[in-house]
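# Topology and contacts: notes
Listed below are the residues making up each chain.
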Amino acid sequence: MHEALPALVLDSKAVSRTVMNETPTNQASSVGHSGAAPSTSDEQLMLAFSKGSSQAFEELFSRYKQPIFGFFRRRVTESAQAEELTQETFLAVLRAGARYEPRALFRTYLYAIGFKILRAHRRKAAFRATFFGQQNSAPDPSRRDATESGLWVRRAVEKLEPIDREVLMLREFEQLSYAEIADLLQLPLNTVRSRLFRARTALRTLLEPASSPSAKGAMQVRQEPASQPMAQKGERA
């Protein structure tokens, strides 16, 4: 992905892309090229961008480019698709910047945009598959190179119910709080908790037949009780 996304907006020509690392970085400790202090919150940066600061947007892009790419990469077949959807997400943030209101954490706002773009992508893919018979016949090279234990975990996760799978992935991979997941999926907070508990239990059961201990350890789901004190809005559980 091209590093300076604002330049991508100014120049509509195709830019050369480099494959991004699938492993998301810790956005809380990331410092981008703009030189903004890590103590500057995402919400402060977005407000500054809404008032015209391009450096603020560059800092947000630096913090979230890898997490958003990882979000898409775990949900689409091709790495190139994940890159394109990541660019679409940040372009949407650019276009909506002037209308931004800090009603929720910026991270929740950003992932909500990502979800909308992902749903639109899936609708287009379903349309093409139905009316044009297009299918992804070529295997994804990155999946071919995955370890056996990683493939085992991936297949086990794919067997979960769609909502349970999404709750689990948002919690384990995106590391969102219960409140953030509830906002994104439009679910009651207690439903998120119960579905997460059910997903973790089902995943452990699916991984039981694995003969290799490394397969079970490839994704260590955290042991959390089904009922915990209610998390405050935006609080990391």
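All values derive from a computational prediction rather than experimental measurement.

### Some thoughts on the overall build of the protein chain
Scanning the protein chain from N- to C-terminus turns up eleven helices and zero strands. Ordered by position in the sequence, the α and β elements of the protein chain form the string α-α-α-α-α-α-α-α-α-α-α. Taken across its 237 residues, the protein chain has 42% of its residues classed as buried. In the protein chain, once contacts between residues fewer than 6 apart in sequence are set aside, the share between residues at least 24 apart is 72%. Accessible area of the protein chain: about 13,100 Å², with a carbon and sulfur share of 53%.

### Here's the deal with the confidence of the model for the protein chain
Chain-level statistics for the protein chain give a pLDDT mean of 75 and a share of 62% at 70 or above. Per-residue pLDDT, averaged within each element of the protein chain, yields its smallest value for helix H6 (residues 141-144) (40) and its largest for helix H3 (residues 54-73) (96). pLDDT under 50 marks residues 8-33. Its contacts with residues more than four places away, or in other chains, come to 48 contacts. Note on residues 226-237: pLDDT is under 50 here. Beyond four places in sequence and across chains, it has 24 contacts.

### Side note on the side chain of Thr89
Structurally, Thr89 can be placed in helix H4 (residues 79-96). Apart from residues no more than four positions distant in its own chain, Thr89 is found in contact with Ile68, Phe72, Leu110, Ile113, Gly114 and Ile117.

### Remarks on the packing of aromatic side chains
Tallying each qualifying case throughout the model produces nine aromatic pairs. Ring centres of Phe49 and Phe57 lie 5.1 Å apart, and the angle between their planes is 40 degrees; on these two criteria the pair is classed as tilted. The residues Phe49 and Phe57 share a single accessibility class, namely buried. Taking 6.1 Å as the distance between ring centres and 40 degrees as the angle between the ring planes, the aromatic pair formed by Phe106 and Tyr109 counts as tilted. Taken together, the residues Phe106 and Tyr109, both in helix H5 (residues 106-131) and three residues apart, mark about one turn of the helix. A relative accessible area of 22% means that Tyr109 is categorised as partly exposed.

### Side note on the environment of Asn190
Note on placement: Asn190 falls in helix H10 (residues 189-207). With twelve residues separating them along the chain, Asn190 and Tyr178 place their C-alpha atoms 8.8 Å apart.

### A few points about the pattern of salt bridges
Counted by the stated rule, this structure contains twelve salt bridges. One salt bridge in this structure joins Glu101 and Arg103, with 2.8 Å as the shortest N-O distance. With a relative accessible area of 45%, Glu101 lands in the partly exposed category. We classify Arg103 as exposed; its relative accessible area is 70%. A salt bridge links Arg107 to Glu180; the shortest N-O distance between them is 2.5 Å.

### Some points on unusual backbone geometry
Its identity is not glycine, yet Gln175 carries a phi of approximately 55 degrees, on the positive side. Note that Gln175 resides in the loop between helix H8 (162-172) and helix H9 (178-185). Phi at Gln186 is positive, roughly 55 degrees, even though this residue is not glycine. Tracing the backbone shows Gln186 in the loop between H9 and H10. In this structure Gln186 comes out as exposed when scored by relative accessible area, which is 68%.

### Regarding the environment of Glu172
Following the sequence through the fold, Glu172 ends up in helix H8. Considered as a pair, Glu172 and Leu196 are 24 residues apart in the sequence and their alpha carbons are 9.8 Å apart. Within the structure, Glu172 has its side chain in polar contact with the side chain of Arg200 (distance 2.9 Å).

### Some thoughts on the packing of H9 against H10
At their nearest, the axes of H9 and H10 sit 9 Å apart, and the two run at 100 degrees to each other. It follows from the interaxial angle that H9 and H10 lie roughly perpendicular. Residues Tyr178, Ala179, Ile181 and Ala182 of H9 form the contact with H10, whose participating residues are Leu189, Val192, Arg193, Leu196 and Arg200. Classifying every residue of the contact of H9 with H10 by side-chain character gives seven nonpolar, no polar and two charged.

Calculation rules
- Residues numbered from 1 in each chain as written.
- Predicted model: local features only at pLDDT ≥ 70, side-chain atom pairs only at ≥ 80, totals over all residues.
- Heavy atoms only, no water.
- Helix = DSSP H or I, 4+ residues; strand = E, 2+ residues; numbered from the N terminus.
- Buried < 20%, exposed > 50% of the residue type's maximum accessible area, 1.4 Å probe, protein only.
- Contact = heavy atoms within 4.5 Å.
- Areas by Shrake-Rupley, 256 points an atom, 1.4 Å probe, with all protein chains shown as cover.
- pLDDT = per-residue confidence, 0-100.
- Phe/Tyr/Trp six-rings, centres within 6.5 Å; stacked < 30°, edge-to-face > 60°.
- Salt bridge = Lys/Arg side-chain N within 4 Å of Asp/Glu carboxyl O.
- Polar contact = N/O pair within 3.5 Å; in protein donor to acceptor, adjacent residues only side chain to side chain.
- Axes fitted to C-alpha atoms, helices over the stretch in contact; angles between N-to-C directions.
- Parallel < 35°, antiparallel > 145°, perpendicular 65-115°, else oblique.
- Nonpolar A, V, L, I, M, F, W, Y, C, P; charged D, E, K, R; others polar.

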